[in-house]
Each structure stands twice: as C-alpha cells, then as structure tokens.
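For reference, the chains in residue letters:
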Amino acid sequence: MTKDQIFEFFRRLAEDNPSPETELEYGNCYQLVVAVALSAQATDVGVNKATRALFREVTTPAQMIELGEEGLKDHIKTIGLFNSKAKNVIALSQLLVDEYGGEVPDTREDLVRLPGVGRKTANVVLNCWFGQETFAVDTHIFRVGNRTGLAKGKTPDHVEAKLEKRVPQPFRLGAHHWLILHGRYVCKARRPECWRCKLVDLCSYRKKVLEKPGRATAKG
C-alpha cells in the first residue's frame, strides 16, 4: 500500500468507529493486565464471562494473592490453559506487591517482567490504560496485516515493526483496536467477508469474495 492508501485505510476505519476500545471488560489497570493475560488462546467473550464474578471480588494484586491459586482456578476454569494462567496471575500479583507497591508499571520493560506477560500483553496495557501508541499484534492483526498488504511479515514482531513505521497520525493510538475488530468481524480467518468490507478497493488480497455466498438450497 502507498502512504495515501494507508491513510485512507485508517480514515475509513476511524469514520466507522471513531472511538475503538478493547472488548475485554475491566475496572482498573490491574484487572486489565489480568484480563489480557487470561485472553491468550481464548476469546474475549469467554474471558469476560469468567472474570465478571472474579473482578467483583478482586480489584487489587493483594486481593488476588489472598484468593489464592485454587480460588482463582474456580473462577477461570472455563478458559483454556487455566492451570498455568492461574499460576502466572498469582505470581505476577506477588511481584507487583513485592516490587511495585501493588501498582502496575507503565513501561514495556517492567511489564514483560511479570509472569505470563509478553510483549503483546504489555502493548495492550500500554495502549489501553496508559495511552501509548503501541501495536499489539495478535492473530487478527497478523492476518489483516499480511492479507491486505498493510504490513506484511513472517512473525508478529515483523508485522509490529511494519505498523510502527507505516501507521500515520492521527490513527496510531486506535490502530490496533481497528485492526483487531476488522479481523474479528469482517476479515475473518476462514472466509473474509469482502462483499461488505469498506476497505476492499485498498486491499491486495487476491482471492476476494465479492459476492455473499448464498445458502445451499435443500433438496426436496
């Protein structure tokens, strides 16, 4: 894509959704860290179902430690990999209490020190809570970046680097939300819904499906 095409790409996304936000539910920065850590290889819908009762009970790292690993498992057992995630959440909560006074740090270097928090999770927290212009490349953004030609790369880090260079102002803060939502609801993995995509003329995908597939008629 050219610079003008990239600007138009995000202009249309912004016009359609001026204030994009994560679909994860949380009440404070600590809960956001926990929610994002739990969302690895899980859906936001599934995480939200598991954390609604949890977050009514737990709002701080100290309260999470008091709940304990087994208590946390009871809340999140419907989420994939819940055993290892529970262990990590308790460990990151302990580290926050021991070294950060119970507060979530605002740098990537400190965030990735937390057990279960990788670069993607750190980028989400920095963007959503601290208002930093980061690009958290998940499976949706990786797919959209490569499929559309916006940011091609063999790894999430490569795609992130491309986005860092190519996404213009004033779209940098909301870019990763727009891309995630576009990948989740329009540019889907198995069958991109090109026939209703507002970006179709800017996209370099060669196998565009421009007509909505009809339902198979039942044989009588």
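All values derive from a computational prediction rather than experimental measurement. (Residues numbered from 1 in each chain as written. Predicted model: local features only at pLDDT ≥ 70, side-chain atom pairs only at ≥ 80, totals over all residues. Heavy atoms only, no water.)

## Focus on the environment of Gln5
- Take Gln5: it is sitting in helix H1 (residues 3-16).
- On the basis of relative accessibility, which here comes to 30%, the residue Gln5 falls in the partly exposed class.
- Taking the C-alpha atoms as reference, Gln5 lies 6.5 Å from Leu202; in sequence the two are 197 residues apart. (Helix = DSSP H or I, 4+ residues; strand = E, 2+ residues; numbered from the N terminus. Buried < 20%, exposed > 50% of the residue type's maximum accessible area, 1.4 Å probe, protein only.)

## Considering the nonpolar core
- Grouped together as the largest cluster of nonpolar side chains are 36 residues, with contacts concentrated most on Tyr30, Leu54, Met64, Leu72, Val104 and Leu111.
- Contributions of two or more residues to this core are made by helix H2 (29-38), helix H3 (44-57), helix H4 (61-76), helix H5 (82-100) and helix H7 (119-128).
- The element contributing the most residues to this core is H2, with eight residues.
- In this view, Leu111 contacts Val104, Pro105, Val117, Ala122, Val125 and Leu126; residues no more than four positions away in its chain are not counted.
- Counting residues in each nonpolar core, the second largest holds 24 residues, with Leu13, Ala151, Ala175 and Cys197 among its members. (Core = buried A, V, L, I, M, F, W, Y, C linked by side-chain atoms within 4.5 Å. Contact = heavy atoms within 4.5 Å.)

## Quick word on the confidence of the model for the chain
- Per-residue pLDDT for the chain has a mean of 94; in total, 97% of the residues score no lower than 70.
- Of the regions scoring below 50 in pLDDT, residues 216-220 engages in zero contacts with residues more than four places distant in sequence or in other chains. (pLDDT = per-residue confidence, 0-100.)

## What about unusual backbone geometry?
- Geometrically, the link from Gln169 to Pro170 is a cis peptide bond, its omega value of 5 degrees lying close to zero.
- The backbone phi angle of Gln41 is positive, close to 55 degrees, even though this residue is not glycine.
- Here Gln41 is to be found in the loop between H2 and H3.
- Judged by its relative accessible area of 73%, Gln41 falls in the exposed class.
- Of note, Leu81 is a non-glycine position whose phi angle comes to about 60 degrees, a positive value.

## Some details on the pattern of salt bridges
- Inspection of the entire model under this criterion finds 16 salt bridges.
- The shortest N-O distance in the salt bridge between Asp201 and Arg12 comes to 2.6 Å. Note that Asp201 is positioned in the segment after helix H10 (175-185) and Arg12 in helix H1, a separation of 189 residues in sequence.
- Across the pair Glu70 and Lys73 runs a salt bridge whose closest N-O atoms are separated by 3.4 Å. Highlighted residues: Glu70 and Lys73, both in helix H4, separated by three residues, approximately one helical turn.
- The class of Glu70 is exposed, set by a relative accessible area of 53%.
- Overlapping salt bridges bring together Glu8, Arg11, Arg12, Glu15 and Asp201 as one network. (Salt bridge = Lys/Arg side-chain N within 4 Å of Asp/Glu carboxyl O.)

## Notes on the environment of Leu173
- Inspection of the secondary structure puts Leu173 in the loop between helix H9 (156-166) and H10.
- With a relative accessible area of 40%, Leu173 lands in the partly exposed category.
- The spatial distance from the C-alpha of Leu173 to the C-alpha of Asn127 is 7.0 Å, given a sequence separation of 46 residues.
- Residue contacts for Leu173: discarding those within four places in its chain leaves Asn127, Gly131, Gln132 and Glu133.

## A short note on the environment of Ala37
- Inspection of the secondary structure assignment puts Ala37 in helix H2.
- Residue classification places Ala37 among the buried positions, given a relative accessible area of 12%.
- Counting along the chain gives 52 residues from Ala37 to Val89, while the straight-line C-alpha distance between them is 7.8 Å.
- Among all residues touching Ala37, those that are not within four sequence positions of it are Lys85, Gly116 and Thr121.

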